[in-house]
Structure formats: structure tokens, C-alpha cells
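Descriptive analysis of the structure
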Amino acid sequence: MAVIADIIREVSLDLNDQEPGHEYVRWPFVQLHSYLREGLIDVSYRLKDLFTSSVVIEVESGEYWQKACTCTKVLRVVGLSTPQGRITRRLRRYLDTDEFIWVGAPEAPCPVQRGKDYLPHGYSINAEDHSRFRLIPPVPYGEKRHVVIECYRQPTGNDKHSSVPDEIVPMLKQWMLYRAMMVDSENNAAIVSVGKQHQETYFQLLKLALADREEEDKQNADLRTLQKGSSQ
């Protein structure tokens, strides 16, 4: 993990703005920090896996949306779990439509499963607020259940002493150099050209990272197909 303040200083060195006693004169620290935050938010959105973790949440009872307060986006509900996070039942995802609103069994207006008999079969994520989800059918009133969710947290980069994954450091530096040079270009065609090269390198690095992930997903899919075939 790389410390944000160190990344900013390294970019400032690349910009020849670290003369002893006159550091951050042409591009102030605050300015470079703002460029880093821009790049960090963009990269984190494209490479969500680097900012995703599994979280155990106690699900509230009743038919309404559960808020995953620490999550920017719930990527999926893995399944029912123990309070310690051991999965006890996998859940299927349903779209957030009226079709999947639970109304209970045909002969009753409310879910009749309670206690150990209650077993949700799925979940949905709110189409408008991706930090909210609900179980199908909902947890009966007076009961508690836990689920494990995959939680994406969008970083802010506000704390200069916080860290970011090493994998994205080259991308962040290219974005910061691009932004710094474009702001400082003052109609200088040469600087504009160099700035655009940094921008292009930024996108190329992102493409490579995404391609690596696509290849890994493909290999995992092939492995699952192979395992499924061998078990039949």
C-alpha cells in the first residue's frame, strides 16, 4: 500500500517542483492532492475489486429496504450467515421490480415461516440506491438473521496519510501529471501534447488492469465448467 502524501511528493518531483526550501511552488500540495482524489475516485469505480470487502450485516425484520451504511454500493448478498460470517445458505438475486415483492403465501397475507423454518430464497438490490437491499421473503418480525454482503466503498482520498493499493499508483501518477500539465499549459502546444500523452498512458494502464481481470474471470469460468463436467 502506498501513502497518498508520498505519491503527491513523487509527482511533484516529476514536475521538478521540489527544490529544497521551495517545494510545491508551481503546483501547490493542495492542488496535486485534488488531482489525486479525482483519479482515485475514477479508478476505484472501474476497479471495484480493489475497494470491495465482505461484510456481515444483521438484517432487520419487515418488508423494507435494509441500509448497508458503510457501503457505497452492495455488489451482491452472498448468503445467510452466522454472526461470525460463516455462510449457511446461498441466495439468488432478483431484480428490483414489483414482481418480486413478497406478499406471503396465497392463503395468508403475511409470511408464515418463522424461527428455524424461515428460509429466504433470494434478495434484491435497490435500483435507485445501491447501498440498500432486501431479502425475499423478508425476515419475520421479532427475528434476527445475518447475511454476508460484498461491499464496495468508494474512497475519498481526503486523508493524505491514508493508503491506496500499489496497483493503482502508476495510474494515479499519470492522471495527476496530465491534470497538472493541462492546467499549466497556457496555450503551450508542447505542454498540451505531453499532458495528453500522460492521459493516454492513464487509460492504457486502466485497460491492461481490466484485461487482466477479464482473463482471470474467463479462466475461473472455464474451471467451473470443467469441474461441473467432471462431476456429472
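Below: a short report on this structure. (Residues numbered from 1 in each chain as written. Predicted model: local features only at pLDDT ≥ 70, side-chain atom pairs only at ≥ 80, totals over all residues. Heavy atoms only, no water.)

Some remarks on the overall build of the chain
Where we set the bar: A run of H or I in DSSP becomes a helix once it reaches four residues, and a run of E becomes a strand once it reaches two; helices and strands are each numbered from the N terminus. In this description the radius of gyration comes from C-alpha coordinates, and the expected globular size is given by 2.2 Å times residues to the power 0.38. Only protein chains enter the accessibility calculation, which uses a 1.4 Å probe; a residue is then buried when its area is under 20% of its type maximum, exposed when over 50%, and partly exposed in between. Only heavy atoms matter for contacts: two residues are in contact if any of them lie within 4.5 Å across the pair. Calculation of accessible area relied on Shrake-Rupley with a 1.4 Å probe; when residues are assessed, cover is drawn exclusively from the protein chains displayed.
Scanning the chain from terminus to terminus reveals four helices and twelve strands. Taken against the 2.2 N^0.38 rule, which gives 17 Å for 232 residues, the C-alpha radius of gyration of the chain at 24 Å runs more than 25% over that of a compact globule. Taking the principal axes of its C-alpha atoms as reference, the chain extends roughly 75 × 45 × 30 Å. Burial analysis of the chain (232 residues in total) assigns 39% to the buried set. If you take every contact in the chain between residues at least 6 apart in sequence, the share linking residues at least 24 apart comes to 74%. Split by element, the accessible area of the chain, about 13800 Å² in all, is 51% carbon and sulfur.

Considering the pairing of strand S9 (residues 122-125)
For clarity, the threshold we go by: In short, DSSP must find at least two bridges between two strands for them to pair.
Here S9 shows no split at all, with Gly122 and Ser124 on one side and Tyr123 and Ile125 on the other all buried. Bridging between strand S8 (residues 92-94) and S9 involves three bridges; their strand directions are parallel. Residue pairing for S9: Arg93 is matched across the bridge by Tyr123. Two elements, S9 and strand S10 (residues 132-136), share four bridges in a ladder whose sense is antiparallel. Paired with Ser124 across the bridge in S10 is Arg134.

Here we look at helix H3 (residues 169-184)
This is how it is decided: Expected helix span is given by 1.5 Å per residue-to-residue step, counting one fewer step than there are residues.
Between its first and last C-alpha, H3 extends 22 Å over 16 residues, near the 22 Å set by a 1.5 Å rise per residue. Two residues or fewer past H3, Glu186 is found with a positive phi of approximately 50°.

A look at the nonpolar core
The criterion, for reference: Residues enter a nonpolar core if they are buried and are Ala, Val, Leu, Ile, Met, Phe, Trp, Tyr or Cys, with the set joined through side-chain atoms within 4.5 Å.
Grouped together as the largest cluster of nonpolar side chains are 29 residues, with contacts concentrated most on Leu32 and Ile168. Put simply, the parts of the chain that give this core at least two residues each are helix H1 (4-14), helix H2 (29-46), H3 and helix H4 (189-231). No other element matches the nine residues that H3 contributes to this core. Those residues in contact with Leu32, other than ones at most four positions away along the chain, are Ile8, Val11, Ser12, Leu15, Tyr24, Trp27, Met176 and Ala180. Core analysis: the next-biggest nonpolar cluster, separate from the first, contains 18 residues, Val59, Tyr123, Leu135 and Ile149 among them.

Examining the sheet that holds S10
Judged by pairing direction, the sheet is mixed, and its four strands sit side by side in the order S5-S10-S9-S8 without closing on themselves. Taken across any chain shown, the strands that pair with only one partner, and hence form the sheet edges, are strand S5 (66-67) and S8.

Some remarks on the packing of aromatic side chains
Any aromatic ring pair is given by two values, namely how distant the centres are and how the planes are angled relative to each other. For the record, the criterion: Note on aromatic pairs: the rings of Phe, Tyr and Trp (six-membered ring only in Trp) are paired at centre separations within 6.5 Å, and the planes decide the class, stacked below 30 degrees, edge-to-face beyond 60, tilted for the rest. Geometrically, a charge over a ring is one whose NZ (Lys) or CZ (Arg) sits within 6 Å of the ring centre while staying within 35 degrees of the ring normal.
A complete count under the given rule lists four aromatic pairs for this structure. Linked through ring pairs, Trp175, Tyr178, Tyr202 and Phe203 together constitute an aromatic cluster. The residue whose ring lies beneath Lys48 is Tyr152, and the NZ or CZ to ring-centre distance is 5.6 Å. The ring of Phe29 is capped by Lys160, whose NZ or CZ atom sits 5.5 Å from the centre of that ring.

With respect to the environment of Pro170
Structurally, Pro170 is set in helix H3. Since its relative accessible area comes to 39%, Pro170 is described here as partly exposed.

Considerations on unusual backbone geometry
A cis geometry characterises the amide bond from Ile136 onward to Pro137, with omega recorded as -10°. Along the chain, the position of Pro137 falls in the loop between S10 and strand S11 (145-152). The phi angle at Asn16 is positive, at roughly 55°, despite the residue not being glycine. The residue Asn16 is located in the loop between H1 and strand S2 (18-19) in this model. A relative accessible area of 70% places Asn16 in the exposed class. One non-glycine residue with positive phi stands out, namely Tyr24, at about 55°. Structurally, Tyr24 is set in the loop between strand S3 (22-23) and H2.

Take it as geometry only, folks, not as evidence of what the structure does.
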